[in-house]
Amino acid sequence: MLHKRSIKEKLLKGGAWAFSGKIITAFIGLSINALLARLLPPDELGAYFLTFSIVSLAAIFAQFGLTKSTVRLVAESMGTERQGRARAFITTSLRICTLTSFIIVCLLVFGAGEWIAKQLFESELISQVMGLAPAWVVIIVFQQLMAEVFRGFHDIRLAILFGGLVTGLIAMFLFFTLWLLQGYSNLSQIIQLMLIAGISSIIISSLLLWKKLSILPLQSDDKINIPEIISLSWPLWITSLTFFVLIQVDLWIMGAFRPQEEVAVYGAVTRTVALVTMPLLIVNAVVPPLIAEMYAQGKTEQLEKAIRTVSTLAGFPSLIILVCFLIFGESLLGMIFGEYYQIGGLILTILSVGQLTNVWVGSCGQVLMLTGHQVIMMRITVFSGMFAAISAFFLVSKYGGVGVAIASSSGMILQNLLMLFFAKKSTGIWTHVSFSKLDLKL
């Protein structure tokens, strides 16, 4: 049974791994982007950001919401001592993702990727690397799925390592070596090195996952019906797609209506502004299995206290980062990416305000998705995503990156306020920052 001490232990142990892992991941991510800004000219860096966005969207299509449902059902099954059910769900999810990945790969190979590159973004650079995109999609799909399986087991250490940290470390080493030996590169070579890093991570994580699964019993009454998985996963799938659109539509609109050099600046800024939400990402790396377990056990008061405590603790560093961006934004962009990218200072400030709201409301989205209210979450993200996309479309021609940033930040604020309201209405749980709820004696 989960008791107060175990809640604190899980938060502290998982939080320690999440904190160190996310901080290292953030440093690696900035280092990789700084190296790319020096290895690639601005037009190719812009094409890289757009290609990665296309591949990431295709990966979300292929995952079919299973990364989110995996955390919930594995955590619930392990928390109620139904280990065989957890194993059955994991193996079924892997089979489904294999099938959906094959379908997405076929679509990319037989024309969808080429159409996006040439018709939507009018980019010959992106078109030239579309042959590498299918392999990149498959790598991202299984990297994220296996990381969420580990998270469902409360193994935050492995979830952090194989959710991107190992891939990032290998990629950073390869890019740094390339910079020292060659000093420049091209888009195709960069993506090939990313594929090497991703494959290496998946091989290691697959071996570790097999070791975990092999000790779990598999009984006939623990089999899971495909319709059960689909009914749970499809709203989460739509939510993930729409949320991804919400955070990427600004880059796509920039790619469709502005020069690739401006896309490079905007993409560099979005990578930097992610530092504001890093504390919340740390929280969301730890709390999902706790939410699933404690809500299923009816411990809503304890759950609210735990969530609001960690949300409040996460709010302090985010506010400090925002202040630094307001004062030193242009200088930081120049130091990380080069002098050319200093023109993105105002965009950095605008996007940071929207992301600070994301931190302030806490893990309300996770609460909705992991307590059976995924349909509500889906509707919120669809509405907010449409609002952001339409606003950006009307602002991009006249105001460029600044206008798109205003639309994106407004959509983010709208989504977070709606999630906070409906999380309270649906579950009775507030998740936002509150000093009165700060309780370090969980």
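Above: the structure in question.
Parameters at a glance
Each chain carries its own residue numbering, running from 1 in the written order of its sequence. The model is predicted, so local features are restricted to residues of pLDDT at least 70 and side-chain atom pairs to those at 80 or more, both for listing and for counting; the totals for chains, interfaces and linings are taken over all residues. The basis for the side-chain values is all heavy atoms of the structure; hydrogens and waters are excluded. Under the DSSP-based scheme used, a helix requires at least four consecutive residues in state H or I and a strand at least two consecutive residues in state E, with every element numbered from the N terminus. Throughout, exposure labels follow a simple rule: accessible area from a 1.4 Å probe, protein chains only, divided by the maximum for the residue type, with under 20% read as buried, over 50% as exposed, and the rest as partly exposed. In what follows, residue pairs with any heavy atoms lying within 4.5 Å of each other are defined as contacts. Note on areas: Shrake-Rupley, 1.4 Å probe, and residue coverage restricted to the protein chains presented here. The span you would expect from a helix comes to 1.5 Å times its residue count less one. Residues adjacent in sequence count toward polar contacts only when both atoms are side-chain atoms; beyond that, a polar contact is any pair of N or O atoms within 3.5 Å, and within protein one must be able to donate a hydrogen and the other to accept it. Each nonpolar core is a collection of buried residues, namely Ala, Val, Leu, Ile, Met, Phe, Trp, Tyr and Cys, held together in the definition by side-chain atoms within 4.5 Å. Here a patch means residues that are over 30% exposed by relative accessible area and free of salt bridges, tied together within 9 Å if like-charged and within 5 Å if nonpolar (Val, Leu, Ile, Met, Phe, Trp, Tyr). When a carboxyl oxygen of Asp or Glu is within 4 Å of a side-chain nitrogen of Lys or Arg, the pair counts as a salt bridge. All axes here are fitted lines through C-alpha atoms, helices being fitted over the stretch that makes contact, and every angle between N-to-C directions spans 0 to 180 degrees. Oblique is the label for any angle not under 35 degrees, not over 145, and not in the 65 to 115 range, which are roughly parallel, roughly antiparallel and roughly perpendicular in turn. Put simply, a crossing is left-handed when the front helix is turned counterclockwise from the back one by less than a right angle, and right-handed when it is turned clockwise. In this count, Pro and Cys sit with the nonpolar residues alongside Ala, Val, Leu, Ile, Met, Phe, Trp and Tyr, while Asp, Glu, Lys and Arg are called charged and the others, Gly among them, polar.

When helices and strands are counted, the protein shows 16 helices and zero strands. Going through the 442 residues of the protein one by one, you find that 57% of them count as buried. Summarising the internal contacts of the protein: among those between residues at least 6 apart in sequence, 85% fall at separations of at least 24. Only carbon and sulfur atoms are counted for the fraction: they give 67% of the accessible area of the protein, which is about 18800 Å².

Attention now moves to the side chain of S56. Within the secondary structure, S56 sits in helix α2 (residues 42-63). If sequence neighbours within four positions are ignored, S56 has contacts with I140 and F244.

With 28 residues, helix α8 (residues 187-214) should reach 40 Å at 1.5 Å per residue; the first-to-last C-alpha distance of 41 Å fits that figure. Here α8 starts with a cap whose side-chain oxygen sits 3.2 Å from the backbone nitrogen of S188, and that cap is N186.

Quick look at the environment of L370 now. Along the chain, the position of L370 falls in helix α15 (residues 364-370). As for L370 and L290, which are separated by 80 residues in sequence, their C-alpha atoms are 9.7 Å apart. Not counting residues within four places of it along the chain, the set of residues in contact with L370 comprises K68, R72, P288, I291 and A292.

It is worth spelling out the nonpolar core at this point. Here is a general trend for soluble globular proteins: nonpolar side chains tend to be buried in one another's company. The biggest cluster of nonpolar side chains holds 101 residues, and the ones touching the most others in it are Y48 and F175. When residues no more than four places from it in sequence are discounted, the contact partners of F175 are I32, L35, L36, L39, I190, L193 and M194. Formed by eleven residues, the second largest nonpolar core is a distinct cluster that contains V287, M294, L303 and A314.

Next up on the list: a nonpolar patch on the surface. On the surface, I199, I203, I204, L207 and L208 cluster together into a nonpolar patch covering about 460 Å² of accessible area. Among the secondary structure elements, I199 is positioned in helix α8.

We now examine the side chain of T92. Structurally, T92 is set in helix α4 (residues 83-120). T92 has contacts with I226 and I229, leaving out every residue within four places of it along the chain.

On to the packing of α2 against helix α6 (residues 133-152). At a minimum axis distance of 8 Å, the contact between α2 and α6 shows a crossing angle of 55°. With respect to each other, α2 and α6 are oriented oblique. Seen along the crossing, α2 lies across α6 with a hand that is right-handed. Across from Y48, T51, F52, V55, S56, A58, A59, A62 and Q63 in α2, the residues of α6 making contact are A133, W136, V137, I140, V141 and Q144. Tallied by class, residues from the contact of α2 with α6 come to eleven nonpolar, four polar and no charged.

On to the pattern of salt bridges. Considering all chains together, one arrives at three salt bridges under this definition. Across the pair K118 and E114 runs a salt bridge whose closest N-O atoms are separated by 3.1 Å. Here K118 and its partner E114 are both found in helix α4, four residues apart, which amounts to about one turn of the helix. The partner of E304 in a salt bridge is R308, with the nearest N and O atoms 3.6 Å apart. Taken together, the positions of E304 and R308, both in helix α13 (residues 300-337) and four residues apart, correspond to about one turn of that helix. Comparing E304 with R308, the two get one shared label, buried.

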